[in-house]
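# Coordinate inspection notes
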Amino acid sequence: MATIGTTNESAARLLAGCSLEMTGKDVPALVEAEGLIPAGTRVNVTFLGNEDLETRVAAVRAVLERSLLPVPHLSARRLRSAAELDEYLGRLAEVGGAERVFVVGGDPAAAEGPFDSALDVVRSGALGAHGVREVGVTGYPEGHPDIAEDVLWAALRDKVSEIGAQGLQASVITQFAFDADAVVSWIRRARTEGVNAPVRVGVPGPAGVKRLLGFARRFGVRSNATIVRKYGFSLTNLMGSAGPDAFVDDLAARLEAEPGLGEVGLHLYTFGGVATSARWVAERRGATGGDAR
Ligand SMILES: NC(=O)C1=CN([C@@H]2O[C@H](COP(=O)(O)OP(=O)(O)OC[C@H]3O[C@@H](n4cnc5c(N)ncnc54)[C@H](O)[C@@H]3O)[C@@H](O)[C@H]2O)C=CC1
Ligand SMILES: Nc1nc(=O)c2c([nH]1)NC[C@@H]1CN(c3ccc(C(=O)N[C@@H](CCC(=O)O)C(=O)O)cc3)CN21
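Residues numbered from 1 in each chain as written. Chains lettered and ligands numbered in written order. Predicted model: local features only at pLDDT ≥ 70, side-chain atom pairs only at ≥ 80, totals over all residues. Heavy atoms only, no water.

In this structure, Leu-127 and Leu-251 are the most contacted members of the largest nonpolar core, which totals 91 residues. Aside from chain neighbours lying at most four places away, what touches Leu-251 is Leu-14, Ala-180, Val-183, Val-184, Val-201 and Leu-266. (Core = buried A, V, L, I, M, F, W, Y, C linked by side-chain atoms within 4.5 Å. Buried < 20%, exposed > 50% of the residue type's maximum accessible area, 1.4 Å probe, protein only. Contact = heavy atoms within 4.5 Å.)

Laid out in structure tokens, this is it:
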């Protein structure tokens, strides 16, 4: 059927440019995934509270050594001083991994240093000074448990316009979600808010159902029974694992039915399963006929 064929093509396109995410502890998994991840793939490196600067830099180097593009995260509230921001960006520039960063506010309820929000980090001017050219920021298709909707939209507009004013390229990665409909509505709203930066839709890679629902609870991501069943979870088998197959097909079909949403891609939160996610993308691309770049 023609419609299915076309949808498969757009799913393949989403998967072909898909970015991944890893923590400092995932370097062995990245090594295991060697050969499965196409050169030029963006790999985000998280900024967890329980990892230090050299662990993060080592992960960025591991990404670079595999001809992949590192996107190190900076967590505004976790930075204890402007000097710490400078030191990390300096180390990233030294190893050749400072071109792209992703800036988040950070989960701590209060700032541990001078930066209360991602915008504060952008405004410091430190990014461009260290050679950053692309700055990613967050998006929340289903809202944030502790931040009001109007505050989130104002923050997004302000960040994207400040990044542009500094001559840098803005992009958005959304918090993971299980409901493609909510995601598409959010992108539509972003465009009407004047946010025209490329959006990467965040979705969990294949992982254990219990683990995924645990992370969803921890980060305040909506996961009611209807939505998660549609996503592909089996709630009667919590020991099983679930992948985003249905979500990606659904998203691809919706994007195709609604051209004019601008540049939209995919981002996989791997939650400790970099190799599993890389294998899943490789298999799905094969299955849907997507070509390697
Ligand atoms: N979406 C993602 O992939 C990730 C999201 N986060 C979390 O998202 C939250 C906000 O980060 P951004 O979206 O970059 O917002 P942001 O830094 O652009 O801030 C937006 C507004 O919310 C306030 N804010 C920032 N962090 C907050 C927090 N933890 N609790 C309450 N208010 C906060 C800021 O002062 C500002 O007014 C943080 O909790 C952050 O840790 C953290 C890591 C990854
Ligand atoms: N609000 C919010 N805060 C975040 O920190 C966050 C989000 N949202 N959205 C998704 C991304 C992905 N995040 C993460 C966080 C931790 C691991 C992780 O593997 N952590 C462990 C294992 C913990 C466990 O198994 O429970 C670790 O080794 O630290 C992976 C992705 C952080 N992210």
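A separate point is the sheet that holds strand 6 (residues 169-174). Taken in spatial order, the eight strands of this closed barrel run 1-2-3-4-5-6-7-10, and their pairing is parallel. When strand polarity is set aside, the average angle formed by the axes of neighbouring strands in this sheet is 30 degrees. Of the strand pairs in this sheet, strand 6 and strand 7 (residues 199-204) are connected by two bridges, and their pairing is parallel. When the sheet's bridge partners are listed, Val-172 is paired in strand 7 with Val-199. Packing against the sheet, helix 7 (residues 149-165) makes contact with strand 5 (134-139) and strand 6, and its axis sits at approximately 175 degrees to strand 5. (Pairing = 2+ DSSP bridges. Helix = DSSP H or I, 4+ residues; strand = E, 2+ residues; numbered from the N terminus. Axes fitted to C-alpha atoms, helices over the stretch in contact; angles between N-to-C directions.)

Next up on the list: the site of ligand 1. In the region of ligand 1, 18 residues are neighbours, and Gly-106, Asp-107, Asp-116, Thr-138 and Tyr-140 sit closest. Taking Tyr-140, its side chain carries an N or O atom lying 2.6 Å from an oxygen atom of ligand 1. Take Tyr-269: an N or O atom from its side chain is 3.3 Å from an oxygen atom of ligand 1. Of all the elements, helix 7 adds the most residues to the shell around ligand 1, at three residues. Grouping the amino acids of the shell around ligand 1 by side-chain chemistry returns eight nonpolar, six polar and four charged. (Near = heavy atom within 4 Å. Polar contact = N/O pair within 3.5 Å; in protein donor to acceptor, adjacent residues only side chain to side chain. Nonpolar A, V, L, I, M, F, W, Y, C, P; charged D, E, K, R; others polar.)

The next thing to look at is the pattern of salt bridges. Opposite charge on two side chains lets them pair, provided their charged atoms get close. The final tally for this structure, using the stated rule, is 21 salt bridges. Glu-65 is paired through a salt bridge with Arg-66; the nearest N and O atoms lie 3.9 Å apart. Glu-99 serves as the salt-bridge partner of Arg-100, at 3.5 Å between the closest nitrogen and oxygen. A relative accessible area of 14% places Arg-100 in the buried class. Judged by its relative accessible area of 33%, Glu-99 falls in the partly exposed class. Via salt bridges that share partners, Arg-42, Glu-99, Arg-100, Arg-133 and Glu-134 belong to a single interconnected network. (Salt bridge = Lys/Arg side-chain N within 4 Å of Asp/Glu carboxyl O.)

This part is about helix 3 (residues 53-65). Its 13 residues place the ends of helix 3 18 Å apart at the C-alpha level, agreeing with the 18 Å of an ideal helix rising 1.5 Å per residue. Buried residues along helix 3 sit against strand 1 (19-22), helix 2 (27-32), strand 2 (42-45), strand 3 (69-75) and helix 4 (82-95). (Expected span 1.5 Å × (residues − 1).)

It is worth spelling out the site of ligand 2 at this point. The environment of ligand 2 is formed by Glu-21, Thr-23, Lys-25, Leu-48, Asn-50, Asp-107, Gln-175, Arg-211, Phe-215, Phe-219, Tyr-269 and Phe-271. Take Asn-50: an N or O atom from its side chain is 3.2 Å from an oxygen atom of ligand 2. One of the side-chain N or O atoms of Asp-107 is found 2.6 Å from a nitrogen atom in ligand 2. Out of a free accessible area of 660 Å², ligand 2 has 72% covered by protein chains. (Areas by Shrake-Rupley, 256 points an atom, 1.4 Å probe, with all protein chains shown as cover.)

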